[in-house]
Amino acid sequence: SIPGLNEDWYKKQCEALDNDPKKIAQEMEMQFISSDGSLWSDEIQTYFNVLLNNPNADEPYKILTFNEGGTLYIYKKDFDINRFCIIGVDTAGASGADMSVIQVIDHATCEHVAEFIGKMEPLRFANKFVKKLAIMYPNNIIVIENSGGYGLTVLNALQDDEFCNFNIFGEDKLSAQVKGKNRELKHVPGLSTNVKTRPLIIESITNYVKENLDLIISKRLASELLTLENKNEKIAAAKNYHDDLVMAMAFCFYVRTY
């Protein structure tokens, strides 16, 4: 029951709702429990709701707000920079509702190290923030989607840097078949998101949540995870919601898993 409420009244209201945990969470405790299309069990949805409604939760070690248009949340105090990190990057344009985000996780422990979210031109995002976090956590691999124009802008900015040699995740792919020539294996920087890899990317983040629920400490990430739905066998954010933070984190765990 909720502290401060009359227990008899609360009990009667619960009985009126057939003691259904989902109905009680929604009607009595003001928690968002999605429809049957939700990706998560009621238990996991409840965990997210408790986190979102707990004023003492999600207290980063440090929060940095930048004039360029973004906020960095640092979760690990005195983090050992020799530890290996995976940095997931999901890039958006300066217009529209989507945000450019960066997720940093500890490869060994899966702990959430840092999270950046902002709105700006992709080139500024690359130079001002992706590069800075890669330098802050130098023992890393950086995972950037190469299937769209915005991600390619970030990839090119990192590859063309005259002063730093960034450790960019890439995939080995066979070249196209050309008459009279053997196909060659070519290293392609970035992560390709397509009909083959996207289900595995989503699977990697769902497995992470189910196996490491207590490591979800970001309210922003929890909020996006909560609204993921299975729409005709395609996992996506519910209408009018976003999945930018989820995708950047999913990139991390796809690379870690596969």
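Let me sum up the structure you'll find in this document.

Taking 1.5 Å of rise per residue, 14 residues should cover 20 Å, and helix H6 (residues 198-211) covers 20 Å from first to last C-alpha, within 8% of that figure. What H6 keeps buried is the set Ile201, Ile202, Ser204, Ile205, Thr206, Tyr208 and Val209. Contacts from the buried residues of H6 go to helix H3 (42-53), helix H7 (219-226), strand E10 (234-237) and helix H8 (244-257).

A separate point is unusual backbone geometry. Although it is not a glycine, Asp78 adopts a positive phi angle of roughly 55°. You can see Asp78 is positioned in the loop between strand E2 (70-74) and strand E3 (85-90). On the accessibility criterion, Asp78 (65% relative accessible area) is exposed. Residues other than glycine seldom take positive phi values, yet Asn240 does so here, at roughly 75°.

To continue, consider the packing of aromatic side chains. Counted under the stated rule, the structure contains eight aromatic pairs. Here Trp40 and Phe48 contribute two aromatic rings whose centre-to-centre distance is 6.0 Å and whose plane-to-plane angle is 85°, an arrangement assigned as edge-to-face. For the pair shown, Trp40 and Phe48 are each scored as buried. Plain terms: the ring middles of Tyr47 and Phe48 are 6.2 Å apart, the flat faces sit at 70° to each other, and that makes the pair edge-to-face.

Between H6 and H8, the least distance of the axes is 8 Å, while the angle of their chain directions is 95°. The angle between H6 and H8 falls in the class roughly perpendicular. Touching Arg198, Leu200, Ile201, Ile202, Ser204, Ile205 and Tyr208 of H6 are Val246, Met247, Met249, Ala250, Phe251, Phe253, Tyr254 and Thr257, all from H8. The residue makeup of the contact of H6 with H8, split by class, is 12 nonpolar, two polar and one charged.

Once that is clear, we can look at the nonpolar core. Grouped together as the largest cluster of nonpolar side chains are 42 residues, with contacts concentrated most on Phe48, Val209, Ile216 and Leu225. Listing elements by their share of this core, those giving two or more residues are H3, strand E4 (100-106), strand E6 (140-144), H6, H7 and H8. It is H8 that provides the largest number of residues to this core, a total of 11 residues. Those residues in contact with Phe48, other than ones at most four positions away along the chain, are Trp40, Val209, Leu213, Ile216, Ala222, Leu225 and Leu226. With 27 residues, the next largest nonpolar core counts Val89, Ile102, Val113 and Ile168 among its residues.

The N-to-C vectors of helix H4 (residues 122-136) and helix H5 (residues 149-159) enclose an angle of 50°; their axes lie 9 Å apart at closest approach. Regarding the angle of H4 to H5, the classification is oblique. As H4 packs across H5, the resulting crossing turns out to be right-handed. Of H5, the residues touching H4 (which contributes Pro122, Leu123, Phe125, Ala126, Asn127, Val130 and Lys131) are Tyr150, Thr153, Val154, Ala157 and Leu158. The class makeup of the residues in the contact of H4 with H5 is nine nonpolar, two polar and one charged.

Now for the sheet that holds E2. Sheet strands line up and pair through hydrogen bonds in the backbone, either parallel or antiparallel. Read from one edge to the other, the open sheet built from six strands follows the order E1-E2-E5-E4-E3-E6, with strand pairing classed as mixed. With partners counted over all chains shown, the strands left at the sheet margins are strand E1 (62-66) and E6, one partner each. Each strand axis lies, on average, 10° off the axis of its neighbour in the sheet, ignoring direction. Two elements, E3 and E4, share six bridges in a ladder whose sense is antiparallel. Each residue of the ladder has a partner; that of Ile87, found in E4, is Val104.

What follows is about H3. For H3, with 12 residues, the first-to-last C-alpha span of 16 Å sits near the 16 Å given by 1.5 Å per residue. Looking only at H3, the buried set comprises Ile44, Gln45, Phe48, Asn49 and Leu51. Considered in projection along H3, the buried side chains sweep an arc of 160° and stay on one side of the axis. When the buried face of H3 is taken as reference, the exposed residues oriented beyond 90 degrees from it are Glu43 and Asn53. Those residues of H3 that are buried are in contact with H6 and H7.

Our next topic: the pattern of salt bridges. Any two side chains of opposite charge can pair if their charged atoms end up close together. Enumeration over the complete set of coordinates arrives at four salt bridges. With a closest N to O distance of 2.9 Å, Glu115 and Arg220 form a salt bridge. With a gap of 105 residues between them, Glu115 in strand E5 (residues 112-118) and Arg220 in helix H7 connect regions that are remote in the sequence. The salt bridge involving Lys131 is made with Asp161; its shortest N-O contact spans 2.7 Å. You can see Lys131 sitting in helix H4 and its partner Asp161 sitting in the loop between H5 and strand E7 (170-174), a full 30 residues away along the chain.

Criteria and thresholds
- Residues numbered from 1 in each chain as written.
- Predicted model: local features only at pLDDT ≥ 70, side-chain atom pairs only at ≥ 80, totals over all residues.
- Heavy atoms only, no water.
- Helix = DSSP H or I, 4+ residues; strand = E, 2+ residues; numbered from the N terminus.
- Expected span 1.5 Å × (residues − 1).
- Buried < 20%, exposed > 50% of the residue type's maximum accessible area, 1.4 Å probe, protein only.
- Contact = heavy atoms within 4.5 Å.
- Phe/Tyr/Trp six-rings, centres within 6.5 Å; stacked < 30°, edge-to-face > 60°.
- Axes fitted to C-alpha atoms, helices over the stretch in contact; angles between N-to-C directions.
- Parallel < 35°, antiparallel > 145°, perpendicular 65-115°, else oblique.
- Nonpolar A, V, L, I, M, F, W, Y, C, P; charged D, E, K, R; others polar.
- Core = buried A, V, L, I, M, F, W, Y, C linked by side-chain atoms within 4.5 Å.
- Left-handed = near helix turned anticlockwise from the far one by under 90°.
- Pairing = 2+ DSSP bridges.
- Arc of directions from axis to C-beta.
- Salt bridge = Lys/Arg side-chain N within 4 Å of Asp/Glu carboxyl O.

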